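# Overview (structure and organization)
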Amino acid sequence: ASTKVAILDIEGVIGTGHYVKRQIDRIAKDENIVAVVLRVNSPGGTVTGSDYIYHHLRKLKEQTKLPIVVSMGSIAASGGYYVSMAVGSEEDSIYAEPTTTTGSIGVIIPHYDLSGLMNRFDITDDSVVSHERKQLLSMTQTMPEEHRAILQELVDESFDRFKQIVMYGRPGLKNDENKLFDPATDTNLATGEVFSATRALQYGLIDRIGFI
């Protein structure tokens, strides 16, 4: 075919992003492709993987000038929403199915404290480390406040970038962080919560409800 629309799939948990990058490379080399549908069905994943995909989608858009439209499947949350922002502040560029779950604008570093369980069974963490901070996120001890502060700083930095990318990718939120929070309705879009397609449309996180 001389005019093709590429469907670029982002499916499942986002890891390194290398599989998506291979799809992007194929699209960039095919001169017969005239547009791209970014089909997102992902609950998110790693910050680095999501940002890697976002970066290369932006690069594809800038270098090829191909129009990109997002089609959200059952879920496009957290990193799945992050990569969707690669469309930039284009009008009518993000579509979600009626039952799509999206949003989850936030960052988390999971941690579990098993120290109480270890004490119950008389188990001791006897690790030898070069520095106590080497055990950041260790599940064998209650997290010291110093470690928590370090991790919170990492989360805050990633969260700030996420918000900037959302503001870049949504026309109604462009360059105004205050629009992520509407005091009139007490609506905060960046709490990490998920939204239905109807709510996402109401808040300007998507443009239309519809199928691929």
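Above this text you will find the structure in question.
Notes on the structure follow. Keep in mind that this is a model prediction, so the values were computed, not measured.

### A few points about the overall build of the protein
The secondary structure content of the protein amounts to six helices and nine strands. Seen through its principal axes, the protein has C-alpha atoms that stretch 70 × 45 × 30 Å. Relative to its 212 residues, the protein shows a buried fraction of 41%. Carbon and sulfur atoms form 51% of the exposed surface of the protein, whose accessible area is close to 12,100 Å². On the protein, the mean spot of the 21 positive side-chain charges and the mean spot of the 28 negative ones are 9 Å from each other.

### Looking at the pairing of strand 3 (residues 68-77)
In terms of residue burial, strand 3 counts as a mostly covered element, since seven of its 10 residues are buried. The sheet contact formed by strand 2 (residues 33-42) and strand 3 spans six bridges and is parallel. Bridged to Val36 within strand 3 is Ile68. In this fold, strand 2 hands off to helix 2 (residues 47-64), which returns the chain to strand 3; that crossover is right-handed.

### Remarks on a nonpolar patch on the surface
A contiguous nonpolar patch, built from Tyr112, Leu114, Leu117, Phe121, Ile123 and Met139 and spanning about 620 Å² of accessible area, is present on the exposed surface. Mapping Ile123 onto the fold places it in the loop between helix 4 (115-120) and helix 5 (145-169).

### A closer look at unusual backbone geometry
Even without a glycine there, the phi angle at Lys65 is positive, about 65 degrees. Tracing the sequence through the fold places Lys65 in the loop between helix 2 and strand 3. Relative accessible area serves as the criterion here: at 67%, Lys65 is assigned to the exposed category.

### Quick notes on helix 5
Residues spaced three or four apart along an α-helix point in a common direction, a consequence of the helix completing one turn every 3.6 residues. Between its first and last C-alpha, helix 5 extends 36 Å over 25 residues, near the 36 Å set by a 1.5 Å rise per residue. Looking at the buried positions of helix 5, the neighbouring elements they touch are helix 2 and helix 3 (79-84).

### Thoughts on the environment of His147
Tracing the chain through its elements places His147 in helix 5. It is 8.9 Å that separates the C-alpha atoms of His147 and Gln135, two residues lying 12 residues apart in sequence. For His147, the contacting residues outside a window of four places in its chain are Glu132, Arg133, Gln135, Leu136 and Gln141.

### Brief notes about the side chain of Ser84
By secondary structure assignment, the location of Ser84 is in helix 3. Taking the relative accessible area as the measure of exposure, Ser84 reaches 0% and is therefore buried. At a separation of 2.8 Å, a polar atom in the side chain of Ser84 contacts the main-chain carbonyl oxygen of Gly80. The contacts of Ser84, once residues within four sequence positions are left out, are Leu38, Val40, Val70, Met72 and Ile94.

### Regarding helix 2
Helix length check: helix 2 (18 residues) gives 26 Å between terminal C-alpha atoms against 26 Å at 1.5 Å per residue, within 8%. Looking only at helix 2, the buried set comprises Gly49, Ser50, Ile53, Tyr54, His56, Leu57, Arg58, Leu60 and Lys61. On the buried face of helix 2, the contacting elements are strand 1 (4-11), helix 1 (18-29), strand 2, strand 3, helix 3 and helix 5. Sitting at the head of helix 2, Thr46 places a side-chain oxygen 2.9 Å from the backbone nitrogen of Gly49.

Cut-off values and rules
Residues numbered from 1 in each chain as written. Predicted model: local features only at pLDDT ≥ 70, side-chain atom pairs only at ≥ 80, totals over all residues. Heavy atoms only, no water. Helix = DSSP H or I, 4+ residues; strand = E, 2+ residues; numbered from the N terminus. Buried < 20%, exposed > 50% of the residue type's maximum accessible area, 1.4 Å probe, protein only. Areas by Shrake-Rupley, 256 points an atom, 1.4 Å probe, with all protein chains shown as cover. Lys, Arg positive; Asp, Glu negative; His and termini not counted. Charge placed at Lys NZ, Arg CZ, Asp CG, Glu CD. Pairing = 2+ DSSP bridges. Right-handed = clockwise from strand over helix to strand, strands pointing away. Patch = residues over 30% accessible without salt bridge, like charges linked within 9 Å, V, L, I, M, F, W, Y side chains within 5 Å. Salt bridge = Lys/Arg side-chain N within 4 Å of Asp/Glu carboxyl O. Expected span 1.5 Å × (residues − 1). Contact = heavy atoms within 4.5 Å. Polar contact = N/O pair within 3.5 Å; in protein donor to acceptor, adjacent residues only side chain to side chain.

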